[in-house]
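Below, each chain spelled out in residue letters.
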Amino acid sequence: MAVSENRRQKKLVKQAAKKKAAAKAMARIQGGGLATRIARLAKAPILHSGAPDYLWKNDQGLGIALISRKLADGQVAFAKFLLDVYCLGVKNAHVSIVSYPVYRDHIYLPIFEKMAVETRPPAYVRKLVEGAVDYARRLGFEPHPDYRAAREIFGDIDPN
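None of the values given here were measured: they were computed from a predicted structure. Throughout this document, residue positions are counted from 1 along each chain, in the order its sequence is written. Residues qualify for local features only when their pLDDT is at least 70, as the model is predicted, and side-chain atom pairs are given and counted only at 80 or more; totals for whole chains, interfaces and linings, by contrast, use all residues. Think of the side-chain values as coming from all heavy atoms in the structure, minus any hydrogens and water.

## Quick notes on the overall build of the chain
Rules: In this text, helices come from DSSP runs of H or I with a minimum length of four residues, and strands from runs of E with a minimum of two, each type numbered from the N-terminal end. Both definitions apply: the radius of gyration is a C-alpha atom measure, and the globule rule equals 2.2 Å times residues to the power 0.38. Relative accessible area decides the class of each residue, using a 1.4 Å probe on protein chains only: under 20% of the type maximum gives buried, over 50% gives exposed, and in between gives partly exposed.
In terms of helices and strands, the chain carries five helices and five strands. Element order for the chain, N to C, with α for helix and β for strand: α-α-β-β-β-β-α-β-α-α. For a compact globule of 160 residues, the expected C-alpha radius of gyration is about 15 Å, and the chain comes in at 20 Å, more than 25% above that figure. Taken along its principal axes, the extent of the C-alpha atoms in the chain is 65 × 40 × 30 Å. A buried classification covers 33% of the 160 residues belonging to the chain.

Shown next as structure tokens:
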């Protein structure tokens, strides 16, 4: 009885893996996921880029970095990164495309005004984020899974 149950379980696992692979292939054919869309939009003009000044001045080394791009249709593509510059690198990442009013009221104003993030050149933000990721990897920590999609916002920004 146990042998047939094991076979059944293996068959179900195989079927689930096939369905998942088919869904991934279909997503690639239909233009990919959010990361692919963001990569295509990464040549749009920079709207805002910023990082906190206090990252190196406090014991925690935590802060949010933001970069956004204004799209031709009036929407905004943005990525925000919760950084831990002393250990974990990118603790969290979020990337999305929203209307300008939503971006202004729920992303930009809370981050730049309430969290005291300052405007920085896009190259500074990219170098800060990627430097935190590199440092954390040397310590054995990988960035948050959403970092892979969020990093596409940098596009052709030269961190040097």
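## Digging into the sheet that holds strand β3 (residues 75-84)
As a reminder, the rule being used: Between any two strands, at least two bridges found by DSSP are needed for them to pair. Angles here are taken between N-to-C directions and fall from 0 to 180 degrees, while the axes themselves are lines fitted to C-alpha atoms, restricted in helices to the stretch in contact. Should any heavy atoms of two residues lie within 4.5 Å, those residues are considered in contact.
The strand order β4-β3-β2-β1-β5 describes an open sheet built from five strands, whose pairing is antiparallel. Across the chains shown, the open sheet's two edge strands, defined by having one partner strand only, are β4 (89-99) and β5 (117-119). Across the sheet, the mean angle separating the axes of adjacent strands is 20° when strand polarity is ignored. Note: β3 against β4, ten bridges, orientation antiparallel. Residue A77 lies in a different strand from β4, and its bridge partner there is I97. This element, helix α2 (residues 34-41), spans β2 (62-70), β3 and β4 of the sheet and lies at about 70° to β4. Set on the sheet, helix α4 (residues 122-138) makes contact with β1 (46-52), β2, β3 and β4; between it and β1 the angle comes to about 50°.

## As for unusual backbone geometry
One non-glycine residue, A116, lies in the positive phi region at around 55°. In this fold, A116 is placed in the loop between α3 (100-114) and β5.

## Overview of a positive patch on the surface
Formally: Only residues whose relative accessible area exceeds 30% and that form no salt bridge enter a patch; like-charged residues are grouped when within 9 Å of one another, and nonpolar side chains (Val, Leu, Ile, Met, Phe, Trp, Tyr) when within 5 Å. All accessible areas in this document rest on Shrake-Rupley with a 1.4 Å probe, and a residue is counted as covered only by the protein chains that are shown. For salt bridges, the criterion is a side-chain nitrogen of Lys or Arg within 4 Å of an Asp or Glu carboxyl oxygen. None of His or the chain ends enter the tally, which takes Lys and Arg as positive and Asp and Glu as negative. Charge placement uses NZ in Lys and CZ in Arg. For Asp and Glu, CG and CD serve respectively.
On the surface, K20, K24, R148 and R151 cluster together into a positively charged patch. With respect to the secondary-structure elements, R148 resides in helix α5 (residues 147-150).

## Let's talk about the nonpolar core
Heads up, the rule is: Take the buried Ala, Val, Leu, Ile, Met, Phe, Trp, Tyr and Cys residues and link them wherever side-chain atoms come within 4.5 Å; each set so joined is a nonpolar core.
Core analysis: the largest hydrophobic core is formed by 27 residues, its most contacted members being F81, L83, V90, V129 and F154. Those elements giving two or more residues to this core turn out to be β2, β3, β4, α4 and α5. Residues within four places of F154 in sequence aside, it is in contact with I67, R69, F81, V125, R126, V129 and E130. One finds V98, I107, I111 and F112 within the second-largest nonpolar core, a separate group that totals ten residues.

## Some words on the environment of I107
With respect to the secondary-structure elements, I107 resides in helix α3. Taking the relative accessible area as the measure of exposure, I107 reaches 10% and is therefore buried. Separated by 28 residues in the primary sequence, I107 and A79 place their C-alpha atoms 9.9 Å from one another. Beyond its immediate sequence surroundings of up to four residues, I107 is in contact with L66, F78, K80 and V102.

## Considering the pattern of salt bridges
According to the stated counting rule, one finds six salt bridges in the structure shown. In this structure, E118 engages R120 in a salt bridge whose closest nitrogen and oxygen atoms are separated by 3.4 Å. The exposure class of R120 is buried, given its relative accessible area of 17%. Through salt bridges that share partners, D53, E118 and R120 make up one connected network.

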